Amino acid sequence: MAQLGTLEELPLEYRNGLTSQNLVPLWPNLRAALPYNIPARRTKPMVWRYAQIRPELLKAGELTPIEKAERRVLVLANPGLGLENMQATPSIYIGMQLILPRETAPNHKHSPSAVRFVVEGEGGFTVVEGEKMPMEKGDLILTPSGLWHEHGHEGSGPVVWLDALDLPMVYALEASYCIDGEPQKIRNQPDSSQNRYRRAGLVPYASLRAQRPKYPLCRFPWKDTRAALHDLSTVTDSGDIVQLAYVNPETGGECLPILGFSAIMLRPGETIRPVRRSASAVLHVVEGEGQANIDGVELDWGGQDTMAVPTHAKVEITNKSSSKPAFLFQVDDAPMQKKLGFFEEFG
Ligand code: GTQ
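Residues numbered from 1 in each chain as written. Predicted model: local features only at pLDDT ≥ 70, side-chain atom pairs only at ≥ 80, totals over all residues. Heavy atoms only, no water.

Asker: It is not clear to me how the pairing of strand β8 (residues 140–143) should be interpreted in this structure. Could you clarify?
Answerer: Regular strands place their side chains on alternate faces of the sheet. Judged by which residues are buried, β8 turns out to be covered on both faces: L140 and L142 on one side and I141 and T143 on the other are all buried. As paired elements, β8 and strand β12 (residues 219–220) share 2 bridges and run antiparallel to each other. Bridging from a neighbouring strand, I141 pairs with R219 of β12. (Buried < 20%, exposed > 50% of the residue type's maximum accessible area, 1.4 Å probe, protein only. Helix = DSSP H or I, 4+ residues; strand = E, 2+ residues; numbered from the N terminus. Pairing = 2+ DSSP bridges.)

Okay, structure coming up:
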């Protein structure tokens, strides 16, 4: 491979002339833009420990009333990407949101899509387009692009959930914006999509018509996901990964356009080695403890901790309990990469 010319090799006068005309020579920058074999990655493999986040979040509850926050969130920002950019990975925004009893996080809608994954507490709820959905620990709630959503808390004690948004992508495209709204009128059948989509393989007959709802199901209760993982584990060979994808029950496809969601069960003592791939990911621990090795970085993890996995990373995850399963919730940007045509697995 030829040695590319550097900026310094060019006469200063020529360089200044280019700059003044908003022109840039490619060749001094070519290798940075198109490195050989593996992308340049600034994302650090890392863990945010819930034991450290929780007290800071509760302190935010004392320092900042909800009216002054709209959403009381501490963002899990990857230092490799610059804290101010609020990226856990290049495409994934992760926040930890606290809501206290009787507080409301007011109604709004925005161009980025969001999901909530409940970390602790009881009595929280989210209203999406008039459907009131309870939030129990481990539940996944979707608030897709452009849909009205607001949160509240009818129980006691703090409620915390993890927010995952495709904000970094939408923001980078200069397409991120928000609209505030009046409180929604709650329809008379709270959580009704749970009754419509009770079981995989069975959908309301009317959904066979050509016009399908874009987001038919916005709550995925953890008790069902956990039970389904357990059942899957009984028919999964050792060496294969016990993993379920959250999908749109009408299409069988990913439930949001940019980010994908899945749940992993690690059997007692199990080590998994997922195939290396071009997508970046975030792993949140629902239950259990163990170790991870992400691109050679050793991390210990326990309940409610959250880890960042860079693109193209080599990953190994171990459940350190010899008697209990462990459960992880995964967010990744594979749906976007697939749509854009550059998703790869290096199996
Ligand atoms: O709860 O609607 O973490 O709009 C960031 C932006 C949460 C939300 C976030 C949001 C929300």
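Asker: I'm lost on the layout of surface pockets in this one. Help?
Answerer: Empty pockets left among the atoms are what a rolling probe the size of a water molecule brings to light. As a volume, the largest pocket reaches approximately 770 Å³. Contributing to the lining of the largest pocket are 24 residues, with R198, R199, A200, D224 and A228 lying nearest its centre. Counting residues per element, the ones that place at least two in the lining of the largest pocket are β12, α6 (222–233) and β13 (242–245). A per-element tally of the lining of the largest pocket places α6 first, with 6 residues. Of the residues that constitute the lining of the largest pocket, the class distribution is 16 nonpolar, 3 polar and 5 charged. The calculated volume of the second largest pocket comes to roughly 530 Å³. Forming the boundary of the second largest pocket are 30 residues, of which Q243, S262, R277, Q330 and D332 lie nearest the centre. (1 Å grid on protein atoms, 1.4 Å probe; cavity = no way out; pocket = protein on both sides within 12 Å on 5 of 7 lines; lining within 4 Å. Points joined across faces, edges and corners; volume = space filled by probe spheres on them. Nonpolar A, V, L, I, M, F, W, Y, C, P; charged D, E, K, R; others polar.)

Asker: Can you walk me through the sheet that holds strand β18 (residues 290–294) in this structure?
Answerer: Backbone-to-backbone hydrogen bonds join strands into a sheet, with any given pair of strands oriented parallel or antiparallel. Pairing within the open sheet is antiparallel, and its 4 strands lie in the order β15-β21-β18-β19. Each having just a single partner strand, β15 (271–272) and β19 (297–301) make up the two edges of the open sheet. Bridge count for β18 against strand β21 (residues 315–319) is 5 bridges, and the pairing is antiparallel. Bridge pairing links N293 to E316 in β21.

Asker: I tried to follow the sheet that holds β12 on my own but got confused; where do I start?
Answerer: Spatially, 6 strands are ordered β2-β3-β10-β5-β8-β12 in an open sheet, and the strand pairing comes out antiparallel. The two strands at the open ends of the sheet, each matched to only one other strand, are β2 (73–75) and β12. Sheet topology places strand β5 (residues 114–120) next to strand β10 (residues 159–165); 6 bridges connect them, and they run antiparallel. In the sheet register, R116 faces β10, and the bridge partner there is D163.

Asker: Please explain the site of the ligand as it appears in this structure.
Answerer: If you check the shell around the ligand, you find R71, V73, Y93, Q97, H108, H110, R116, H149, H151, D163 and L165 and nothing else. Between the ligand and H110, the relevant distance is 2.9 Å, taken from an oxygen atom to a side-chain nitrogen or oxygen of the residue. The separation between an oxygen atom of the ligand and a polar side-chain atom of R116 is 3.0 Å. For the ligand, the protein covers 89% of the area, taking 290 Å² as the surface of the free molecule. (Near = heavy atom within 4 Å. Polar contact = N/O pair within 3.5 Å; in protein donor to acceptor, adjacent residues only side chain to side chain. Areas by Shrake-Rupley, 256 points an atom, 1.4 Å probe, with all protein chains shown as cover.)

Asker: Please explain α6 as it appears in this structure.
Answerer: One turn of the α-helix equals 3.6 residues, which is why residues spaced by three or four share an orientation. Counted at 1.5 Å a residue, the expected span for α6 with its 12 residues is 16 Å, and the 16 Å between its end C-alpha atoms agrees. All of the buried residues along α6 are W222, T225, L229 and S233. Around the axis of α6, the buried residues are gathered within 70 degrees of arc, so they sit on the same side. The elements touched by buried residues of α6 are β5, β12, β13, β14 (260–266), β17 (281–287) and β22 (326–332). (Expected span 1.5 Å × (residues − 1). Arc of directions from axis to C-beta. Contact = heavy atoms within 4.5 Å.)

Asker: Got a minute to help me understand the packing of aromatic side chains in this structure?
Answerer: Where two aromatic rings form a pair, the distance of their centres and the angle of their planes describe that pair. Taken as a whole and assessed by the stated rule, the structure comprises 6 aromatic pairs. Ring geometry for F117 versus F329: centroids 4.1 Å apart, planes at 10 degrees, classification stacked. In this pair, F117 is assigned in strand β5 and F329 in strand β22, connecting sequence segments 212 residues apart. Assessed through its relative accessible area of 1%, F329 is described here as buried. Measuring from ring centre to ring centre gives 6.2 Å for F261 and F329, while their planes differ by 5 degrees; the resulting arrangement is stacked. Here the residue F261 occupies a position in strand β14, and F329 occupies one in strand β22, the gap between them amounting to 68 residues. Ring pairing ties together the aromatic residues F117, F220, W222, Y246, F261, F327 and F329, which thus form one cluster. Over the ring of Y36 we find R31, and its NZ or CZ is 3.9 Å from the ring centre. (Phe/Tyr/Trp six-rings, centres within 6.5 Å; stacked < 30°, edge-to-face > 60°. Lys NZ or Arg CZ within 6 Å of the ring centre and 35° of its normal.)

Asker: Help me understand the nonpolar core, please; the structure alone is not making it clear to me.
Answerer: Soluble globular proteins tend to pack their nonpolar side chains together in the buried interior. Ranked by size, the top nonpolar core spans 53 residues in total, and within it M96, L140, Y246 and F261 carry the most contacts. Looking at this core element by element, the count peaks at 5 residues for β10. Every residue in contact with L140, bar those within four places of it in the chain, is listed here: V115, R116, F117, C218, R219, F220, Y246, F261 and F329. Counting residues in hydrophobic clusters, the runner-up holds 18 residues, among them L299, V315, I317 and A326. (Core = buried A, V, L, I, M, F, W, Y, C linked by side-chain atoms within 4.5 Å.)

Asker: Sorry, what's going on with a nonpolar patch on the surface here?
Answerer: On the surface, Y14, L26 and W27 cluster together into a nonpolar patch covering about 320 Å² of accessible area. Tracing the backbone shows Y14 in helix α1 (residues 12–20). (Patch = residues over 30% accessible without salt bridge, like charges linked within 9 Å, V, L, I, M, F, W, Y side chains within 5 Å. Salt bridge = Lys/Arg side-chain N within 4 Å of Asp/Glu carboxyl O.)

Asker: Explanation requested: the side chain of Q97 in the structure shown.
Answerer: Along the chain, Q97 turns up in strand β3 (residues 93–99). Taking relative accessible area as the criterion, Q97 reaches 2% and is therefore assigned buried. Here D163 takes part through its side chain, which lies 2.8 Å from a polar atom of the side chain of Q97. Contacts of Q97, omitting those with residues within four sequence positions, involve L57, R71, R72, V73, A105, R116, H151, V159, V160, W161 and D163.

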